[in-house]
Amino acid sequence: MDNDDFLSMDFKEVTEHLVTNDNSPNIPEAIDRLFNDIANINRESMAEMSDTQVEEIAVNLWNWALTKRGGFHINEEQKTKIHYVACKLLSMCETSFASEQGIQRLIMMNLKIGKGWLDVGNFLIADECFQAAEVNLEQLYMKLIQRSSPETELTVEKMAVEKDHFRVLSYQAESAVFQGDFQRASMCVLQCKDMLVRLPEMVSYLHELCYKFGAETQKNNKYEESSFWLSQSYDIGKMDKDSTDPETLAQVLRLLATNYLDWDDAKYYDKALNAINLANKEHLNSTGLFLKMKILLRGETSNEELLDAVMEILHLDVPLDFCLNIAKLLMDHERVSVGFHFLDVICERCNSSENIGKAHVFYVDMLLQRKEELLAKEKIEEIILAHQTGRQLTAELTIWLHNILWRKAASSFEVQNYADALHWYNYSLRFYSPNEMDVDFAKLQRNMACCYLNLQQLDKAKEAVAEAERHDPRNIFTQFYVFKIAVIEGDSERALQAIIALEYVLTDEESEDNDVIAERGSSIMLLSLAAQFALENGQQIVAEKALEYLAQRSEDQEQVIIAAKCLIHLVFPKIAEMPESEDKMKEMDRLLTCLNRAFVKLSQPNGEEAFSLESRANEAQWFRKMAWNLAVQSDKDPVIMREFFILSYKMSQLCPSDKVILIARKTCLLMAVAVDLEQGRKASTTFEQTTFLNRALEEIHKCNEIWNLLKQTEDFSNDSCEKLLLLYEFEVRAKLNDPSLESFLEPAWELPHLECKTFETIAVIAMETPAHYPSIAIKALKKALLLYKKEESVDISQYSKCMHNLINLSVPDGASSVELCPLEEVWGFFEDALSHISRTKDYPEVEILWLMIKSWNTGILMFSKSKYVSAEKWCGLALRFLDHLTSFKGNYETQMNMLYSQLVEALNSNKAQFHEHGYWSKTD
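The structure displayed is predicted, hence computed values, not measured ones. (Residues numbered from 1 in each chain as written. Predicted model: local features only at pLDDT ≥ 70, side-chain atom pairs only at ≥ 80, totals over all residues. Heavy atoms only, no water.)

Peer 1: Can you help me understand the overall build of the protein chain in this one?
Peer 2: What the protein chain contains, in helices and strands, is 43 helices and zero strands. Rg of the C-alpha trace for the protein chain: 53 Å, well past the compact-globule value of 29 Å for 924 residues, more than 25% over. Counting only residues that meet the buried cut, the protein chain has 48% of its 924 residues in that class. Partitioning the contacts of the protein chain with sequence separation of at least 6, the portion at a separation of at least 24 is 64%. For the protein chain, the accessible area works out to roughly 46,100 Å², and carbon and sulfur atoms hold 50% of it. Counting 95 positive and 144 negative side-chain charges, the protein chain places the averaged centre of each group 4 Å from the other. (Helix = DSSP H or I, 4+ residues; strand = E, 2+ residues; numbered from the N terminus. Rg over C-alpha atoms; globule rule 2.2 N^0.38 Å. Buried < 20%, exposed > 50% of the residue type's maximum accessible area, 1.4 Å probe, protein only. Contact = heavy atoms within 4.5 Å. Areas by Shrake-Rupley, 256 points an atom, 1.4 Å probe, with all protein chains shown as cover. Lys, Arg positive; Asp, Glu negative; His and termini not counted. Charge placed at Lys NZ, Arg CZ, Asp CG, Glu CD.)

Below you can see the structure in the form of structure tokens.
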């Protein structure tokens with residue numbers, strides 16, 4: 001059934017749906033629907049149904065809620081709602097009031113429903129049900145007295161009505177207490193109390209109910225109300241000693257006494273004392289005695305009266321622990337003389353029992369707490385003597401005494417009274433026998449070593465640490481004291497071993513033999529203290545190692561940052577003075593690891609103890625600069641240099657993106673790209689090369705984004721960044737055989753600020769293995785030559801090299817064709833070169849010679865292809881270059897003229913033998 005169908009049902013249909021569909025998911029909605037609708041339903045609205053039909057619906061609903069066993073569980077509140085609806089339906093039927101049985105049924109239902117509403121906290125509807133039950137009881141009573149029945153039978157039935165009335169009143173009282181209506185609640189209970197004469201079997205119930213009210217109101221600090229309820233509970237309980245035992249009455253009185261104390265111990269002192277005396281009279285136990293002592297201590301009881309009271313306790317058979325608790329209570333209330341006198345008596349009485357040890361240890365504890373140190377020492381000497389002469393303390397008592405002595409020693413240590421601390425530790429030491437040495441003994445020795453160190457007694461400290469190391473060598477605190485002594489003695493190697501041991505604890509995840517090892521935070525703390533101690537004592541190498549481990553292992557953000565900064569401060573000046581060596585490389589690696597750790601911590605999300613945004617930016621700024629400086633120091637190792645530059649870049653990302661930071665990021669990325677490209681060039685495998693090149697490409701893209709941001713701030717026309725990014729990206733794409741390489745370069749050809757050198761570099765990259773893009777190289781060299789010619793003063797040396805490369809690419813040596821570039825265009829290159837040669841004496845003669853040979857060989861190539869006119873033309877061009885030679889002219893002039901004559905003669909006679917011997921090389 002869907003929700004729309006359910007909503008369209010009338011009241012009767014909903015009840016039928018509920019009773020017949022145990023597993024329907026609409027059960028909660030159906031229950032709420034019935035509960036909400038019943039307030040608007042009366043007998044007239046159900047006129048089409050007979051009383052019998054209405055009663056049947058009510059009974060079915062009641063029984064369904066009682067016996068619900070289907071798949072859908074209903075809670076107590078839902079069950080109470082259904083019962084409430086059923087009761088309301090029955091109340092609409094005249095037949096329900098026609099007979100005594102019908103009325104009794106309504107009474108039973110209203111009582112049960114009202115109690116249900118009480119249990120779920122709906123007191124208003126509960127009161128409604130109880131009032132309905134009262135009305136029903138009156139109706140039943142009237143019927144009873146109207147009919148003629150034997151007196152005895154009538155009396156029994158009247159008693160049943162009164163018992164139900166008692167229940168109604170008690171429930172109404174409970175509801176009133178929950179609602180804070182003390183007046184109504186007390187009135188109901190007093191009515192119930194009056195009825196107990198006729199209902200003695202209800203004494204225990206009403207006694208417990210009042211006790212419950214008393215405890216509840218005391219918990220809510222309603223002391224006056226609580227005293228009323230507890231007094232009523234006691235009075236009612238006394239009415240029937242058979243149903244209420246003395247122990248229960250004493251419990252009520254003890255709570256009443258406590259209530260008076262909490263209410264106002266001065267004003268109600270006498271009442272509290274009377275209540276506890278009554279309680280102890282009813283049933284004497286240790287709780288009552290202890291409470292009486294508390295009450296006496298709240299009043300102005302004299303020491304003599306207190307002493308009498310505590311001596312009475314000794315006449316009773318109470319355990320030692322109770323007596324010791326009384327003594328502590330006296331001490332806590334500054335009744336010291338009575339407390340110690342009581343302890344003296346206890347110790348005297350226990351002298352021949354097994355409890356003597358506990359009494360004496362407790363006595364020592366109390367003396368030390370009261371700063372009675374001389375008396376405590378006397379008592380300790382007594383315990384030691386007894387311990388050594390056969391009356392040994394139990395293991396539990398020994399631990400207790402150790403704790404007392406260590407606590408006293410610790411308090412002396414805190415005020416720097418190290419000699420006194422040692423005194424108490426020595427007492428503890430005397431309780432150890434040779435077969436009892438354990439980790440606690442090692443801890444004792446460490447504590448003593450700490451005192452000896454503070455007293456400058458190094459030899460005794462060494463002995464204590466040696467003992468600790470013998471019994472607990474892997475303990476971090478043992479290793480810390482080993483470290484401190486090694487540092488004091490200047491034993492760097494031993495100190496380093498101890499630091500390594502401390503660090504091992506942090507990495508030894510499987511260790512379970514030492515409780516302290518589980519405390520990783522202790523190791524971190526000790527590493528921090530070790531670094532500080534080593535620096536204070538001039539042990540820099542040891543301090544560096546401690547700081548290194550601290551930065552690596554600590555999870556505390558601030559601690560890692562401080563350790564990293566300290567380590568860099570110590571190591572950086574040394575690196576600057578170190579020659580290139582393996583040791584320098586190790587130091588660089590150490591600082592690199594340290595910087596990476598600092599970056600990880602600074603990058604963590606802001607938490608409760610994290611840096612503020614401003615302080616984090618300041619720290620990142622410092623680390624950024626240090627990473628930059630270290631990169632500069634690593635110029636002999638490009639790989640390490642790149643790592644530092646990348647770290648500097650990462651740190652700069654944690655800083656505000658102002659102009660300075662953007663320029664720094666740009667530079668870091670450019671340096672990283674340069675290194676990755678170089679690594680790619682040197683890579684031994686294609687996979688390695690691709691990895692380096694792809695990494696470089698990512699960095700180039702990041703750098704481009706930064707460069708675009710910078711260009712928006714001001715004019716950077718003199719910055720070479722754009723040119724470098726162009727060259728770097730071109731090289732990466734060329735070596736990766738990017739199919740979009742030429743389209744990538746298209747915008748570059750039109751850039752106005754690129755130099756000749758840039759285009760020449762593009763040409764070189766285009767032909768550098770594994771790249772092979774001769775068409776791009778030729779285009780770039782043409783662009784370079786064009787730029788050279790536009791210069792006011794042409795750099796002939798650079799021009800000649802550029803021309804050489806262009807011609808060599810256009811007409812490769814040994815080529816059988818000239819398809820890379822049209823021959824007419826190549827002729828123009830030669831003519832252009834010849835023009836510059838004619839105008840200057842600075843054109844390199846070697847380049848002129850090369851142009852001569854190149855043009856001659858081109859002519860011979862044309863001859864071999866039967867292109868005789870072109871052949872004569874190119875060879876004639878070679879002779880024009882020959883005219884500009886100086887030192888080389890004599891080597892070539894005669895032979896070239898002769899060959900040229902032969903060529904002309906061959907052309908005239910169409911002979912083709914000439915080309916077999918006509919090629920020239922530079923060495924010919």
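Here the narrative resumes, following the displayed structure.
Peer 1: For this particular structure, what's the right way to read unusual backbone geometry?
Peer 2: Residues apart from glycine generally show negative phi values, whereas peptide bonds are mostly found in trans. In this chain, Thr-769 is followed by Pro-770 through a cis amide linkage whose omega measures 5°. Of note, Pro-770 is situated in the loop between helix H37 (756–766) and helix H38 (774–790). Positive phi, close to 60°, is recorded for Asn-221, a residue that is not glycine. Summarising the element assignment, Asn-221 is placed in the loop between helix H11 (203–219) and helix H12 (223–238). Here the phi dihedral of Lys-371 falls at roughly 60°; this positive angle occurs in a residue that is not glycine.

Peer 1: Help me understand the pattern of salt bridges in this model?
Peer 2: It is possible for side chains bearing opposite charge to pair when their charged atoms get close. As enumerated under the stated definition, the model contains 56 salt bridges in all. A salt bridge links Lys-723 to Glu-755; the shortest N-O distance between them is 3.5 Å. Of this pair, Lys-723 sits in helix H35 (residues 721–735) while Glu-755 is found in the loop between helix H36 (741–749) and H37, placing the two residues 32 residues apart along the sequence. A residue is classified by how much of its surface remains accessible, and Lys-723, at 22% relative accessible area, is partly exposed. Note that Glu-825 is salt-bridged to Lys-782, the shortest N-O span being 2.4 Å. Taken together, the residues span a long stretch of sequence, with Glu-825 in helix H40 (residues 823–839) and Lys-782 in helix H38 at a distance of 43 residues. (Salt bridge = Lys/Arg side-chain N within 4 Å of Asp/Glu carboxyl O.)

Peer 1: I tried to follow the domain arrangement of the protein chain on my own but got confused; where do I start?
Peer 2: When the parts come together, some accessible area is lost, and that loss is often what is quoted as the size of the interface. In terms of domain boundaries, the protein chain breaks down into domain 1 (1–93) and domain 2 (99–193). With 16 residues of domain 1 at the interface, the matching set in domain 2 holds 13 residues. For the pair domain 1 and domain 2, the two sides together bury roughly 1,200 Å², of which 78% comes from carbon and sulfur. The largest per-residue losses of area from domain 1 upon contact with domain 2 belong to Trp-62, Thr-80 and Tyr-84, which jointly make up 41% of the total buried on that side. Taken together, the links from domain 1 to domain 2 amount to two salt bridges. Between Lys-88 and Glu-128 there is a salt bridge whose closest N-O contact spans 3.1 Å. (Domains from an automatic or database assignment. Buried area = accessible area lost by both parts, 1.4 Å probe.)

Peer 1: In this structure, what is going on with a negative patch on the surface? I would like to understand it.
Peer 2: On the surface, Glu-304, Glu-305, Asp-308 and Glu-312 cluster together into a patch of negative charge. Secondary-structure assignment places Glu-312 in helix H16 (residues 303–314). (Patch = residues over 30% accessible without salt bridge, like charges linked within 9 Å, V, L, I, M, F, W, Y side chains within 5 Å.)

Peer 1: When you look at the packing of aromatic side chains in this model, what are you seeing that I'm missing?
Peer 2: Between two aromatic rings, the relevant description is the distance of the centres plus the angle of the planes. Within this structure, the stated rule accounts for 30 aromatic pairs. Judged by centre distance (5.6 Å) and plane angle (50°), the rings of Trp-424 and Tyr-427 are tilted. Residue Trp-424 and its partner Tyr-427 are both found in helix H22 (residues 418–429); the two are separated by three residues, about one turn of the helix. As far as the burial class goes, Trp-424 and Tyr-427 line up, both buried. Ring pairs connect the aromatic residues Phe-182, Phe-213, Phe-228 and Trp-229, which therefore count as one cluster. We note Lys-484 situated over the ring of Phe-533; from NZ or CZ to the ring centre the distance is 4.8 Å. Its end group placed over the ring of Phe-744, Arg-733 keeps NZ or CZ at 4.9 Å from the ring centre. (Phe/Tyr/Trp six-rings, centres within 6.5 Å; stacked < 30°, edge-to-face > 60°. Lys NZ or Arg CZ within 6 Å of the ring centre and 35° of its normal.)

Peer 1: Help me understand the nonpolar core in this model?
Peer 2: Across soluble globular proteins, you tend to see nonpolar side chains buried next to one another. Grouped together as the largest cluster of nonpolar side chains are 168 residues, with contacts concentrated most on Met-293, Leu-343 and Phe-483. Contact partners of Leu-343, with chain neighbours within four places excluded, come to Leu-324, Ala-327, Met-331, Phe-362, Tyr-363 and Met-366. Residues Trp-749, Leu-809, Leu-823 and Ile-848 belong to the second largest nonpolar core, which totals 71 residues. (Core = buried A, V, L, I, M, F, W, Y, C linked by side-chain atoms within 4.5 Å.)

Peer 1: Could you clarify how one ought to interpret a nonpolar patch on the surface in this entry?
Peer 2: Together, Tyr-141, Met-142 and Ile-145 give the surface a local cluster of nonpolar side chains, amounting to about 260 Å² of exposed area. Looking at where Met-142 falls in the secondary structure, it is placed in helix H8 (residues 123–146).

Peer 1: Honestly, the side chain of Arg-254 in this entry has me stumped. Any pointers?
Peer 2: Topologically, Arg-254 is positioned in helix H13 (residues 246–264). No salt bridge is formed by the buried Arg-254, whose closest oppositely charged neighbour, Glu-247, lies at an N-O distance of 6.2 Å. In this structure Arg-254 touches Ile-276, Ala-279, His-283, Asn-285, Thr-287, Gly-288 and Leu-291, once residues within four positions along its chain are discounted.

Peer 1: Would you mind showing me how to read H11 here?
Peer 2: With 17 residues, H11 should cover 24 Å at 1.5 Å per step; its first-to-last C-alpha distance of 24 Å lies within 8% of that length. At its buried positions, H11 is contacted by helix H9 (151–178), helix H10 (182–195), H12 and H13. Two residues or fewer after H11 comes Asn-221, characterised by a positive phi angle close to 60°. (Expected span 1.5 Å × (residues − 1).)

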